[in-house]
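Coordinates in review
Below are the chains, spelled out letter by letter.
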Amino acid sequence: MDTRSRIGVVPVEKQKTPYTLTAILKRLFPYFIAEKNRFLLTFVFVGLKIASDLFLLLMCRSILSVIESWVKGNARGGAHSIAYLVSHTIAMDTSSFTAADLPWLVGIMGSVVIAFFSVGYFRSFIPAKLISNVTFAMRRALYDHLQCLDLFFFDRTRSGEITSRLISDISQGVQVFGMTLTIFIFQLIVFCFSVVFMTRVSVPMTLLVTSVGVLILINMLLFVPQLRDRSLAVQKKLGVISGMANERFGGIKVMQSFTNEDMELERFTEQIDNHRSLTINLARLSSFTGIFSQSIPLVGNTAILGMGAFLVLSGKLTLADLTFLWMMRDHILNPFQIFSNLGEQVAIGLGGLERVFEFFDERSSIKDMPGAVPVKQVNGAVEFRDVSFSYPSERGQEVLSHLSFRVEPGMSAAFVGASGAGKTTAVDLLSRFYDPTSGGIFIDGRDIREFEVESLRDNIGVVMQEAILFSGTIRENIRYGRPDARDDEINAALKMANAWNFVAEMREGTETVIGERGVMLSGGQRQRIAIARAFLKNPRILVLDEATSALDSVSEHYVQEAIERLLKGRTTLIIAHRLSTIAHVDKILVLEKGRLVEEGSHTELIAKNGTYAAFHAQQFGKGKGA
Ligand SMILES: Nc1ncnc2c1ncn2[C@@H]1O[C@H](COP(=O)(O)OP(=O)(O)OP(=O)(O)O)[C@@H](O)[C@H]1O
Ligand SMILES: [Mg+2]
């Protein structure tokens, strides 16, 4: 089992698709079992609700029967006991009830109504809580599982896909199996009881009501799929439109700088025009089907009342029984209505859960080896031994081949090479974002795969090529480097990173909110925040992937100074795009298409007059030193 999946009911075995209904239910069930008290209570309260529901209708029938025979001049005699009244009401044998029973009957009914309301509260609250808890547990487990997956997974999975499975797929799936299906089962039970009670009153009336139900079902089966298809098309188009607007307005600068507004408007118009016709199409069909869905109940009710009136007038049915049948008819009709789109709901829920469990079945290729140990005291010797690597998405194409080098503790080495040479990839391997295809990476002589991944990463500080900040305040972003850091430590880190001045100038200082991904900061400022974060983490080994975007010379000076301070006393791997950054490193490693082509100090490499010297000449002009 993936040792980093700590929380929740994450199944152990990797399961291959297809996910059958039983397979999905088997995996969903433990989440409900974890809530077993609430789960059982749901059944108890729904059962009580059904019982009180049916009992109320039977009580109504008893009361109406007594009133009816009383008005007709019958129902004489003394009062009966409560037990007698209740049992005879359930048995639907009210012929012996008397006018003296009436206050008791009303009293019983009043008490049941009060009980009914409190049961109603729990009946709807407990399942709702059950569903919220299951959704919560599943989301938490999936989030924890996902955040431990390797980068291969994130390279091939769109982030929108992740959010949609985490948010809507989970809630839809849980809703369908926790609520919709349960409700249907209970409706079915109510239906059966209702049929039994109704046939005891009048078989022809029961048949009539049931056939109205069948008509409703046929109508829905005929039109619902078409309505759903059209409404799905509308939803899909809406998704396209909102995606388009998001992307375009997210990149408004590009749009405006290329002055493509007219073209963009045309594209947008085409999409919303399309959406308009789809909506009209949907409205046309739903108006048409509305004729049937409204007229069937209307005609049905008329027929039920007509036939009922006929039976009453011909003495075959009492008025009380007709009223009883009338009140009962919803219990017969509801299941038909629910059944018609149950299949669809279950399919949607199953689809969602399948996608969720698919993610649960993703296994990280980066995991602790059996017997992995935490990194203890790190001296900081870093060594790559014959490391080759290729991304699975480009199988066979080696991004790094037979890379070997060693950096002594506290020393610094810089990667130099053209864009795409594999510099970022090489340092990613050190943090085990990926594992080498062959060869090994060693820290203080031990293969890094022998260390626990988390503790390995705790000892490596990374300042990435694109300084990644999260929305929130500057303080929160720096604290990310060490969550338990004190405020004065954060301020010290800011000073060390040359970020104090610009942060102090901001109106709210370290409490300034820097917007999504830190958009409110300049490139150089973002980098210095990222450097401050690394200062706070204070790792033995440091990886610095220099930003590609050029900084102005003042910013560069500040960043450079902060970097030099950060390097002191740490083993450092720097990726340099500006050679001025690496004038003082101990060793320069020149990468070309994933191969190490030159290695040595600045002076040595200049003297060698090879690739590095050519790079250098390109950036500084021949003959000048760095
Ligand atoms: N996640 C990925 N999946 C597949 N291929 C990748 C991935 N990341 C990088 N590559 C490929 O690997 C090669 C090396 O990329 P890398 O990012 O290591 O280059 P780099 O030397 O850091 O370049 P730059 O100077 O532009 O940052 C490139 O050809 C790139 O297309
Ligand atoms: Mg890079």
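Residues numbered from 1 in each chain as written. Chains lettered and ligands numbered in written order. Predicted model: local features only at pLDDT ≥ 70, side-chain atom pairs only at ≥ 80, totals over all residues.

Turning our attention to the nonpolar core. In this structure, Ala414, Ile529, Ile531, Ala532 and Ile588 are the most contacted members of the largest nonpolar core, which totals 69 residues. Sequence-distant contacts of Ile588, defined by excluding residues within four places in its chain, comprise Ala414, Val416, Ile582, Gly600, Ser601, His602, Leu605 and Tyr612. Counting 26 residues, the second-largest nonpolar core is a separate cluster that includes Leu28, Leu130, Ile131 and Leu350. (Core = buried A, V, L, I, M, F, W, Y, C linked by C-beta atoms within 7 Å. Buried ≥ 20, exposed ≤ 12 C-beta atoms within 10 Å, placed from the backbone. Contact = placed C-beta atoms within 7 Å.)

Our focus in this paragraph is the packing of helix α6 (residues 159-201) against helix α10 (residues 319-360). Their axes nearest at 6 Å, the elements α6 and α10 cross at an angle of 155°. In terms of orientation, α6 and α10 fall into the roughly antiparallel class. The element α6 and its partner α10 pack so that their crossing is left-handed. Per-class residue counts for the contact of α6 with α10 are 24 nonpolar, 11 polar and four charged. (Axes fitted to C-alpha atoms, helices over the stretch in contact; angles between N-to-C directions. Helix = DSSP H or I, 4+ residues; strand = E, 2+ residues; numbered from the N terminus. Parallel < 35°, antiparallel > 145°, perpendicular 65-115°, else oblique. Left-handed = near helix turned anticlockwise from the far one by under 90°. Nonpolar A, V, L, I, M, F, W, Y, C, P; charged D, E, K, R; others polar.)

What follows covers the pairing of strand β4 (residues 438-443). The pairing of strand β1 (residues 382-389) with β4 spans five bridges and is classified as antiparallel. In the sheet register, Val382 faces β4, and the bridge partner there is Ile443. Taken together, the two bridges between β4 and strand β5 (residues 446-447) define a ladder with antiparallel strand orientation. Across the sheet, the residue bridging to Phe442 is Asp447, located in β5. Between β4 and β5, which follow one another and run antiparallel, lie two residues, and Asp444 among them has a positive phi close to 50°. (Pairing = 2+ DSSP bridges.)

Sheet architecture is open: four strands sit in the order β2-β1-β4-β5, paired in antiparallel fashion. Of all the strands in the sheet, the pair left with one neighbour each is β2 (400-407) and β5. The strands touched by helix α11 (residues 423-430) are β1, β2 and β4; relative to β1, the strand with the most contacts, the crossing angle is about 120°.

Our next topic: the confidence of the model for the protein chain. Summarising the model, the protein chain shows a mean pLDDT of 87, and 95% of its residues fall at 70 or more. Across residues 1-15 the pLDDT falls below 50, and counting only partners more than four positions away or on other chains, this stretch makes 34 contacts in the model. (pLDDT = per-residue confidence, 0-100.)

Domain parsing of the protein chain yields domain 1 (8-199 + 335-365), domain 2 (203-316) and domain 3 (376-459 + 578-626). With centres defined by C-alpha atoms, the gap from domain 2 to domain 3 works out at 60 Å. (Domains from an automatic or database assignment.)

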